[in-house]
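Coordinate analysis (summary)
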Amino acid sequence: MQSFTWINAKSIEEVKGALAKHGKKARIFAGGGDLTTLMKERIDTPEFVVNIGDVKDIHYIREEKDGLHIGAMTILADLAEHEAVLGRYTALAEAAGAVASPQLRNMGSIGGNLCQRPRCWYYRGAFHCYKKGGDFCFAVTGDNRYYHSILKGELCYMVHPSDTAVALLALDARITIAGPQKEKTVKAEDFFIGPRQDVLRENILQPAELITEIVVPTPPANTRSTFLKTRIRGSWDFALASVAVRCTAKNGVCQAARLALGGVAPVPLRVERAERALAGKKITRELSQQAAQLATAGARPMTMNRYKVDLTRSLVEKALLAVA
Amino acid sequence: MTEAAVTRRDFLRLGAVGAVAAGAAVLGLANLGTQPQALPLSEGAIMPDPSLCIGCLTCEVVCGRYHREQGLSDKPRIRILNHSATTLHAEIQRKYPGRGQFLQQPCKQCPHPECVYVCPVNAMRLDGANGARFIDEARCVACGRCEAACPFPIDGILTETAEPVAWKRIFFDEQKGVFTKCDMCRGREGGPICVERCPINIRIRQGVLKTDRLCLDVTRATTKVYDSIA
Ligand SMILES: Cc1cc2nc3c(=O)[nH]c(=O)nc-3n(C[C@H](O)[C@H](O)[C@H](O)COP(=O)(O)OP(=O)(O)OC[C@H]3O[C@@H](n4cnc5c(N)ncnc54)[C@H](O)[C@@H]3O)c2cc1C
Ligand code: SF4
Ligand code: SF4
Ligand code: SF4
């Protein structure tokens, strides 16, 4: 690992100060679950590492009038087990609980989970691809069987690895960003960007910015949500495909639905076409199949991942029937 | 970078004084007053071979990115459509199966470019070095005449969004408030970036894919070429 300076920040102001001072040379260290590996493998070589683990006011889960407030440093295990999260924001608890292994959930933060880097093995290996500033994607003509896109891939075909992001999209969450400018809040779906906007990053954060809080609005009455994920059999690993759905229903009739997919595109992907097909209708097996078709419409599978199309469809169907 | 402003207005002006040539880029001035037509050919046009295209959209993204880096509109100037009628090359079917069929839709750099003739503010220009027809975004007043005049539609299901589009080979950038089109990456060492970065071209150049053609090639924009681009 290349040597670096460790900065142990105690407050958001200190984090902001360190980031502003060192800009592109600095990285935030939350649980370190991803950053440590990136640094060991020299995929990322920051000169300054700003630990936010000791920043007091970003470890919390609070249910307030407008919804659930989650500090960026909140660990995934706490989210997975929190009573209010399990009860009213079920998809998020399930997604947090589906991340990796118990050890990693005890270490990994929600902020870090949202900002983790891709798992494409060329990116993780010694390949100077687009994502590292190179000028070729090795996956497009190479081995793309697991962690590559079937939807929205272009230039770079990685899939966004975060499970919690998928749940946050379905739950209509907002992400609060602090930095040199005034604090701002964006919709979860606007936080993530694809390779067309910028292949070198996966979200809108500028070098001196950080996530401080995630807010999930209180769901309307009669709303249920769930998160489902398929991974390589018997592993603790990342999603081959995942789906999160939130559905408000009255007498079995869906009034509004939000549906998001993970593991299939360079961003956690909200599929509004499928959402629209559900509104105002009774969720039956047939309707859920239709929505599943719409969710994967326009898929452009790669040479080795066509199976993900069917996998995604069956997850969507299952998830819809579960919340109906 | 040299450029010759060859526009309808120049034609008329030059015609009036009976000039035979103006600047490096103006050739004969026949047919003045009817359809102006004797512009020099573009040294290059993007010549696609849809049978080799895997719809990866690398060309679109690198096009947008390169022009953004030049301070220009970042709208891709080449677009990819889904096109079930394309017959794939045997090598593509064998090595990269099941990705679908596509049609690349670049600008043809027409020998008689309608877009150039109609611009009222001299924003449609010919690159002095390679003859590429391009829009000077600083001059474009976004009247849309070039787009209306371009006879070649981009009409079908856009691969990027899987939604239908009905465009021309000139694009409006809502953010910048200008029209833009393929300029053959004028001034770029290495030529058009789409041709350089198309991963199929890269694999062909490496000998991994064996074909006698490229997925995207650069060719002199003759009338024959113009007729053969979809
Ligand atoms: C073997 C293994 C399996 C895994 N499986 C899964 C899985 O199935 N699903 C899944 O979702 N994840 C998975 N992960 C990811 C993991 O669980 C953590 O979520 C991840 O490592 C990031 O959390 P962290 O707090 O450790 O972040 P760190 O490693 O500290 O940070 C990750 C990145 O985010 C940035 N960052 C951290 N916090 C912030 C912030 N507040 N604002 C801005 N930037 C920030 C850092 O600079 C860094 O670039 C897996 C990881 C491993 C090693
Ligand atoms: S998919 Fe993206 S991260 Fe993977 S090799 Fe291609 S450019 Fe690199
Ligand atoms: S924009 Fe249209 S009219 Fe102009 S050169 Fe290109 S294809 Fe021809
Ligand atoms: S880069 Fe080549 S293979 Fe990819 S979409 Fe463009 S023309 Fe087709």
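Description of the structure in this document. Note that the coordinates shown come from a computational prediction; the quantities given were computed from them, not determined experimentally.

**Quick word on the side chain of A:N113**
Relative to the assigned elements, A:N113 resides in helix 7 (residues 110–115). Beyond its immediate stretch of four places on either side in the chain, A:N113 contacts A:L76, A:V99, A:S162, A:D163 and A:T164.

**Considering the site of ligand 4**
Residues and elements named next belong to chain B. Residues in contact with ligand 4 amount to 14 residues; listed here are only the nearest, C53, C56, L57, C59 and C198. For the shell around ligand 4, the elements supplying multiple residues, two or more each, are helix 2 (58–69) and helix 7 (199–205). Along the lines of polarity and charge, the residues of the shell around ligand 4 split into eleven nonpolar, three polar and no charged.

**A look at the site of ligand 3**
What surrounds ligand 3 is a group of 13 residues, the closest being B:C107, B:C110, B:C115, B:C150 and B:K181. The residue inventory of the shell around ligand 3, partitioned by class, reads eight nonpolar, one polar and four charged.

**Digging into the pattern of salt bridges**
Residue and element names in this part refer to chain B. The tally for this structure, following the rule as stated, stands at 39 salt bridges over all chains. In this structure, the salt-bridge partner of R94 is E91, at a minimum N-O distance of 2.8 Å. Within this pair, R94 and its partner E91 are both found in helix 3 (residues 90–95), separated by three residues, close to a single helical turn. Since its relative accessible area comes to 56%, R94 is described here as exposed. Given a relative accessible area of 12%, E91 falls into the buried group.

**Observations concerning the packing of helix 12 (residues 285–295) of chain A against helix 13 (residues 307–323) of chain A**
All names here are of chain A. The contact between helix 12 and helix 13 brings their axes to 8 Å, and the two run at 140 degrees. Considered as vectors, helix 12 and helix 13 are oriented oblique to each other. Read as a crossing pair, helix 12 and helix 13 show a hand that is right-handed. Within the contact between the two elements, helix 12 uses R285, S288, Q289, A291, A292, Q293 and A295 and helix 13 uses R313, V316, E317, L320 and L321. Classifying every residue of the contact of helix 12 with helix 13 by side-chain character gives six nonpolar, three polar and three charged.

**Thoughts on a nonpolar patch on the surface**
A surface patch of nonpolar side chains, about 300 Å² in accessible area, is lined by A:M1, A:F4 and A:W6. Positionally, A:F4 belongs in the segment before strand 1 (5–8).

**With respect to the sheet that holds strand 2 (residues 26–29) of chain A**
All names here are of chain A. Taken in spatial order, the three strands make up an open sheet running 1-3-2, and their pairing is parallel. At either end of the open sheet lies a strand with only one pairing partner, and these are strand 1 and strand 2. Between one strand and the next, the sheet's axes are offset by a mean angle of 25 degrees, whatever the strand orientation. The pairing of strand 1 with strand 3 (residues 48–51) spans four bridges and is parallel. Across the sheet, residue W6 finds its bridge partner in strand 3, namely V49. Against the sheet, helix 1 (residues 12–22) touches strand 1, strand 2 and strand 3, its axis set at about 165 degrees to strand 3.

**With respect to unusual backbone geometry**
Although it is not a glycine, A:R42 sits at a positive phi angle of roughly 60 degrees. Structurally, A:R42 can be placed in the loop between helix 2 (35–40) and strand 3. The phi dihedral of B:L57 is positive, around 70 degrees, even though this residue is not glycine.

**Section: the nonpolar core**
Grouped together as the largest cluster of nonpolar side chains are 74 residues, with contacts concentrated most on A:L92, A:I110, A:L114, A:L168, A:I175, A:I214 and A:V216. Each of domain 2 (56–115 + 159–217) and domain 3 (223–323) of chain A gives at least three residues to this core. By size, the runner-up hydrophobic cluster in this structure holds 45 residues, among which are A:L155, B:C185, B:C194 and B:I204.

Thresholds applied
- Once a new chain begins, its residue numbering starts again from 1 and follows that chain's sequence as written.
- Each chain takes a letter, starting from A, and each ligand takes a number, starting from 1, following the order in which they are written.
- Local features are withheld for residues below a pLDDT of 70 in this predicted model, meaning they are given only at 70 or higher, and side-chain atom pairs are given and counted only at 80 or more; totals for whole chains, interfaces and linings count all residues.
- Working from all heavy atoms in the structure, the side-chain values ignore hydrogens and water.
- Numbered from the N terminus, helices here are DSSP runs of H or I no shorter than four residues, and strands are runs of E no shorter than two.
- In this analysis, two residues are considered to be in contact whenever any of their non-hydrogen atoms come within 4.5 Å of each other.
- Near is defined per residue: the residue qualifies when any heavy atom it owns lies within 4 Å of the molecule or strand.
- Amino acids are sorted into nonpolar (Ala, Val, Leu, Ile, Met, Phe, Trp, Tyr, Cys and Pro), charged (Asp, Glu, Lys and Arg) and polar (every other residue, Gly among them).
- Think of a salt bridge as a Lys or Arg side-chain nitrogen and an Asp or Glu carboxyl oxygen that are within 4 Å of each other.
- Accessible area is worked out with a 1.4 Å probe on protein chains only. A residue is then buried under 20% of its type maximum, exposed over 50%, and partly exposed in between.
- Axis definition: a line fitted to C-alpha atoms, over the contacting stretch in the case of helices. Angles run 0 to 180 degrees between N-to-C directions.
- Any angle from 65 to 115 degrees is called roughly perpendicular, while one under 35 is roughly parallel, one over 145 is roughly antiparallel, and all others are oblique.
- Crossing handedness is defined as follows: a turn of the near helix away from the far one that is anticlockwise and smaller than a right angle gives a left-handed crossing, while the clockwise case is right-handed.
- Only residues above 30% relative accessible area that lack a salt bridge enter a patch, with like-charged residues linked at up to 9 Å and the nonpolar side chains Val, Leu, Ile, Met, Phe, Trp and Tyr linked at up to 5 Å.
- Accessible surface area values rest on a Shrake-Rupley calculation with a 1.4 Å probe, where residue burial reflects the displayed protein chains alone.
- By the convention used here, strands pair only if DSSP detects at least 2 bridges between them.
- The set of buried Ala, Val, Leu, Ile, Met, Phe, Trp, Tyr and Cys residues whose side-chain atoms join them within 4.5 Å is what this entry labels a nonpolar core.
- Segment limits for the domains were obtained from an automatic or database-derived domain assignment.

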